[in-house]
Amino acid sequence: MMASAPPRRTDMAFVDGAADTTEVGIAETAAAAPPSTFVGKVRHYYAHALDGARRRLAMVRPWKDFFDRQSFSPPSGLNDSLSRLNRNINHYYHNYIIMSLLCSSYVLLLNPTFSLCFLLTAAMCWFVSAKRVEAAETNSNHFTVSNHRITFSQAYLFIILFAGLSFFLTNGSSVVFWLALSSVGVVAAHAVTRKPSVEEQPFSFV
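As recorded by an unreviewed UniProt entry, the protein carries the name PRA1 family protein and is attributed to Trypanosoma conorhini. In the Sequence similarities (unreviewed entry) part of its UniProt record, the protein is described as follows: "Belongs to the PRA1 family." In UniProt, the protein has this text filed under Subcellular location (unreviewed entry): "Membrane".

Written out as structure tokens, the structure is:
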């Protein structure tokens, strides 16, 4: 009796390059993941923010039309004001974002102490959040800074106390008021006093 030959292994091919598509998708996902080092993360998020800013700037309407003096006139009433506000914000959305950022930056430059405390608070929140992600891998409830063991509850309590105390000492309520007035107020004043053109459509949630 002759021994039967071992069965041949048949190589299966995916239709329409499905295997290649899967491999490309995995490679893109791995490439999109932020690096593990601190410098690499900073570069990754900086490049991502820069790319997003460029896309936003590409959608900005011409500033010549935005500040056209002939387009400004007082509204005829409340309904006209609301209509202008709706249509102008929809049409010049990205222009208003840039205007708000510039006005807010000006107010923050006039209050350097408040700005410094705000940046320190944001940096501490980011640092503790990053440490919390690292601790989640080892199921730990603390992290170490200069050989000092700090729990996350203590860290967040310190951040809250620091933010509240710095907000009080730097007269934060006044700064927040001027931030709101310089950004939201300026945008609302421009949108209400500028007469929309025919092609500017109102904002719709549909």
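Caption draft 1: Seen up close, the overall build of the protein. The helix and strand inventory of the protein stands at eight helices and two strands. The order of α-helices and β-strands along the protein, N terminus first, is α-α-α-α-α-α-β-β-α-α. Looking at the 206 residues of the protein, the share that counts as buried comes to 20%. A separation threshold of at least 6 residues defines the contact pool for the protein, and within that pool the share at least 24 residues apart is 73%. Within the structure as shown, the protein displays about 16000 Å² of accessible surface, and the carbon and sulfur contribution to it stands at 66%.

Caption draft 2: Local environment of the confidence of the model for the protein. Per-residue pLDDT for the protein has a mean of 79; in total, 72% of the residues score no lower than 70. Between the elements of the protein, mean pLDDT differs from a low of 44, seen in helix α1 (residues 18–32), to a high of 95, seen in helix α7 (residues 152–169). Counting contacts from residues 10–31, a segment whose pLDDT is below 50, to residues more than four positions away or on other chains yields one contact.

Caption draft 3: Layout of the nonpolar core. Core analysis: the largest hydrophobic core is formed by seven residues, namely Phe-66, Tyr-92, Tyr-96, Met-99, Cys-103, Val-187 and Ala-191. Only α5 (93–110) and α8 (172–193) provide two or more residues apiece to this core. No other element matches the three residues that α5 contributes to this core.

Caption draft 4: Here's a closer look at α8. A rise of 1.5 Å per residue sets the reference length of α8, with its 22 residues, at 32 Å; its end C-alpha atoms lie 30 Å apart and thus fit the reference within 8%. By the largest-angle criterion, Gly-185 marks the main kink of α8, which is about 25 degrees. Of all the positions in α8, only Gly-172, Val-175, Leu-179, Ser-182, Ser-183, Val-187, His-190 and Ala-191 are classed as buried. In the core, the buried residues of α8 are packed alongside α3 (63–66), α4 (78–91), α5, α6 (112–138) and α7.

Caption draft 5: Structural detail: a nonpolar patch on the surface. A contiguous nonpolar surface patch, about 350 Å² in accessible area, is contributed by Ile-89, Tyr-93, Ile-97 and Leu-101. In terms of residue count, α5 provides more of the nonpolar patch than any other element does, three residues in total. Within the secondary structure layout, Ile-97 lies in helix α5. Classification of Ile-97 by relative accessible area gives partly exposed; the value is 34%.

Caption draft 6: Examining the side chain of Ser-104 more closely. By the element assignment, Ser-104 lies in helix α5. Among the polar contacts made by the side chain of Ser-104, one reaches the main-chain carbonyl oxygen of Ser-100 at a distance of 2.8 Å. Discounting chain neighbours no more than four positions away, the residues touching Ser-104 are Leu-179, Ser-182 and Ser-183.

Caption draft 7: Region of interest: the side chain of Ser-182. Note that Ser-182 resides in helix α8. Polar side-chain contacts of Ser-182 include one of 2.8 Å to the backbone oxygen of Trp-178. Separated by 3.1 Å, the side chain of Ser-182 and the backbone oxygen of Leu-179 make a polar contact.

Caption draft 8: Here's a closer look at unusual backbone geometry. Non-glycine residue Ser-146 carries a positive phi angle of around 55 degrees. Within the secondary structure layout, Ser-146 lies in the loop between β1 (142–145) and β2 (148–151). The phi angle at Asn-147 is positive, at roughly 65 degrees, despite the residue not being glycine. Since its relative accessible area comes to 77%, Asn-147 is described here as exposed.

What counts, and at which threshold
- Residues numbered from 1 in each chain as written.
- Predicted model: local features only at pLDDT ≥ 70, side-chain atom pairs only at ≥ 80, totals over all residues.
- Heavy atoms only, no water.
- UniProt positions renumbered as here; feature names shortened; annotations may be inferred.
- Helix = DSSP H or I, 4+ residues; strand = E, 2+ residues; numbered from the N terminus.
- Buried < 20%, exposed > 50% of the residue type's maximum accessible area, 1.4 Å probe, protein only.
- Contact = heavy atoms within 4.5 Å.
- Areas by Shrake-Rupley, 256 points an atom, 1.4 Å probe, with all protein chains shown as cover.
- pLDDT = per-residue confidence, 0-100.
- Core = buried A, V, L, I, M, F, W, Y, C linked by side-chain atoms within 4.5 Å.
- Expected span 1.5 Å × (residues − 1).
- Bend = angle between axes of the 7 residues up to and from the residue.
- Patch = residues over 30% accessible without salt bridge, like charges linked within 9 Å, V, L, I, M, F, W, Y side chains within 5 Å.
- Salt bridge = Lys/Arg side-chain N within 4 Å of Asp/Glu carboxyl O.
- Polar contact = N/O pair within 3.5 Å; in protein donor to acceptor, adjacent residues only side chain to side chain.

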